[in-house]
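Spelled out from the first residue to the last, the chains are:
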Amino acid sequence: MEAKTQNVRKHLCIPGLLSRAHHSFGKIKDRATRKVSISLPDCLMSGLAVFGMKYPSLLQFDKDRDEAPRVQHNLKTLYKIGQVPSDTYMRERLDDVEPSHLQKTLNRLIAQLQRGKVLEQYRYLDDYCLVSMDATGYFSSHEIHCNSCCVKNHRDGSVTYYHQMLAAVMMNPHYPTVFPLMLEPIQKQDGKTKNDCEHNAAKRLLRNLRNSHPHLKMIIVLDGLYADGVIIKLLKELNFPFIISAQHDDLKYLFEFYDASKKQEVVETTEHQKIIYRYANNLPLNDTHHDLEVNVLECIESRQLKKKSKTDEKYFCWVTDLSLEEKTVKYIAKGGRARWKIENETFNTLKNQGYQFEHNFGHGDKHLNTVFAYLMFIAFLIDQIQQYCCMYFKAALKKLGTRIRLWERLRMYFLLCFVDTWDELYALALGDFGIKASTLIGMNTT
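Residues numbered from 1 in each chain as written. Predicted model: local features only at pLDDT ≥ 70, side-chain atom pairs only at ≥ 80, totals over all residues. Heavy atoms only, no water.

Colleague: Would you explain the environment of Asp-228 in this entry?
Modeller: Inspection of the secondary structure assignment puts Asp-228 in the loop between strand S6 (218-222) and helix H10 (229-237). Those residues in contact with Asp-228 that lie beyond four places of it in its chain are His-199 and Leu-285. Reaching out from Asp-228, the side chain makes a polar contact with the side chain of His-199 at a distance of 2.8 Å. (Helix = DSSP H or I, 4+ residues; strand = E, 2+ residues; numbered from the N terminus. Contact = heavy atoms within 4.5 Å. Polar contact = N/O pair within 3.5 Å; in protein donor to acceptor, adjacent residues only side chain to side chain.)

Colleague: For this particular structure, what's the right way to read the packing of helix H2 (residues 14-26) against helix H7 (residues 99-115)?
Modeller: Pairs of packed helices are described in terms of their axes, by the angle between the two and the distance that separates them. For the pair H2 and H7, interaxial distance at closest approach is 9 Å and the crossing angle is 145°. Pair H2 / H7 crosses with right-handed handedness. Judged by residue contacts, Leu-17, Arg-20, Ala-21, Ser-24 and Phe-25 of H2 engage Leu-102, Lys-104, Thr-105, Arg-108, Leu-109 and Gln-112 from H7. Of the residues belonging to the contact of H2 with H7, the class tally is five nonpolar, three polar and three charged. (Axes fitted to C-alpha atoms, helices over the stretch in contact; angles between N-to-C directions. Left-handed = near helix turned anticlockwise from the far one by under 90°. Nonpolar A, V, L, I, M, F, W, Y, C, P; charged D, E, K, R; others polar.)

Colleague: Quick question: what am I supposed to make of the environment of Leu-48 here?
Modeller: Residue placement: Leu-48 occurs in helix H3 (residues 40-52). It is 14 Å that separates the C-alpha atoms of Leu-48 and Gln-72, two residues lying 24 residues apart in sequence. Among all residues touching Leu-48, those that are not within four sequence positions of it are Leu-18, Ala-21, Phe-25, Leu-375, Ile-378, Ala-379 and Ile-382.

Colleague: What is the right way to look at the packing of H3 against helix H6 (residues 87-94) in this model?
Modeller: Between H3 and H6, the shortest axis-to-axis distance is 10 Å and the interhelical angle comes to 110°. It follows that H3 is roughly perpendicular to H6 by the angle criterion. Crossing of H3 over H6 shows left-handed handedness. In contact with Leu-40, Cys-43, Leu-44, Ser-46 and Gly-47 of H3, H6 contributes Tyr-89, Met-90, Arg-93 and Leu-94. Grouping the constituent residues of the contact of H3 with H6 by class yields six nonpolar, two polar and one charged. (Parallel < 35°, antiparallel > 145°, perpendicular 65-115°, else oblique.)

Colleague: Please explain empty space enclosed by the protein as it appears in this structure.
Modeller: Gaps between atoms show up when a probe of the same size as a water molecule is rolled over them. All chains considered together, the criterion is met by two cavities of 30 Å³ or more. Considered as a void within the structure, the largest cavity measures approximately 110 Å³ in volume. Lining the largest cavity are 15 residues; nearest its centre among them are Ile-14, Gly-52, Tyr-79, Asp-383 and Trp-422. Counting only elements with at least two residues in the lining of the largest cavity, the list comes to H2, H3, helix H14 (368-389), helix H16 (403-416) and helix H17 (422-430). In terms of residue count, the dominant contributor to the lining of the largest cavity is H14 (three residues). Residue composition of the lining of the largest cavity, by class: twelve nonpolar, one polar and two charged. As a volume, the second largest cavity reaches approximately 80 Å³. In terms of lining residues, the second largest cavity is bounded by Tyr-138, Phe-139, Phe-357, His-359, Asn-360, Phe-361, Gly-362, Asn-369, Phe-372, Ala-373 and Met-376. Counting residues per element, the lining of the second largest cavity draws most heavily on H14, at four residues. A per-class count over the lining of the second largest cavity returns seven nonpolar, four polar and no charged. (1 Å grid on protein atoms, 1.4 Å probe; cavity = no way out; pocket = protein on both sides within 12 Å on 5 of 7 lines; lining within 4 Å. Points joined across faces, edges and corners; volume = space filled by probe spheres on them.)

Colleague: Where do I start with the packing of aromatic side chains in this structure?
Modeller: Geometry of an aromatic ring pair is reported as the spacing of the ring centres plus the angle between the planes. Scanning the entire structure with this criterion turns up 20 aromatic pairs. Grouped by ring-pair contacts, the aromatic residues Tyr-79, Tyr-355, Phe-380, Phe-393, Trp-407, Trp-422 and Tyr-426 constitute a single cluster. When the ring centre of Trp-407 is taken as reference, the NZ or CZ atom of Lys-54 above it lies at 3.9 Å. The lysine or arginine in question, Lys-263, covers the ring of Tyr-258, its NZ or CZ lying 4.9 Å from the ring centre. (Phe/Tyr/Trp six-rings, centres within 6.5 Å; stacked < 30°, edge-to-face > 60°. Lys NZ or Arg CZ within 6 Å of the ring centre and 35° of its normal.)

Limitation: the analysis is restricted to geometry and does not speak to function.
What follows is the structure, encoded as structure tokens:
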């Protein structure tokens, strides 16, 4: 049993995860119409290395590839890249890749988590996992565009071209780590002239999520944009319990019934805090869907500030199809409040913690912009798995304090040293190695 556990954990460390990604890339059909000099898996793994090593730009990656033989060596030993493409060649090859193929890579990495029993640890309520879903923008330009770009026409005659991404991530209020499960680009669909929207993308994502994970028990946590009959009916059809933020102004019909209903109340008090859970079950969603009933949960949190004359009060409200009872309301409320993790622990991390999510690594004419977004999420998922499972990663992060410092240290040794294994790279990051400049110059007098 011990050997089996060690084998499973081996597949959750970065060499096993990168090997899984490489194998998945090898299954993508190469659509090149002419003889190619560098394989598609090498191009995809090079793109993954750009985001894995947190390069600020594709140009910098290309310069290091040309100027530092160590980088080419390390890309071969760490990322199993046979031949590293130039930035121009990489963009050209990746522009033809269908982004949906890269979703399969995410699925295979999540399968590694299932195999390693990690998803069992993320169960939150009645063996269900929490999955938060939200959208963010990652590209905007007044000039650069492709056929898939959404278009915004301004009153002054100018035009903005943009891309957005809808994401679903597994989370747990007790853990800081999140695992991206599914992506859905918000962009013009093939043959369409109108802009895509978050609502339509959500319908595609939910169906794809269920098809990719037919047996995974998931509670979907959403913001108020999705508190409508179309999405809720789809959630029920796909057997997804839900917790959705509710706004009184958006659901006036529902809250008329709620205000008139007999509500139950649970109160929790501590020395400095008081939380009131108020709820009612089986209320009609709106006048269009009389037969569609939901449950309403309010949470009012009062905290005594240091100046005892002042109190900080927060209010939250959700609709859900989970049964509201005295023993469940605090867990459902905590699950609903954890929705912010997709913003703070996912999008903000990608934008501000070294991944450069909003930087234009290349737009292309077909799929390049979206392919780079997928590769960035794959690199992020690998890092998140490391943060949860890998003792070397956790030790290095603890020593260096922040992810930004960890990325800087790893990239420094990636550039300076010939590294044969990931264990060596993490050992360098964990160590306190130094050398006098005079000694280094003396070694290189030739």
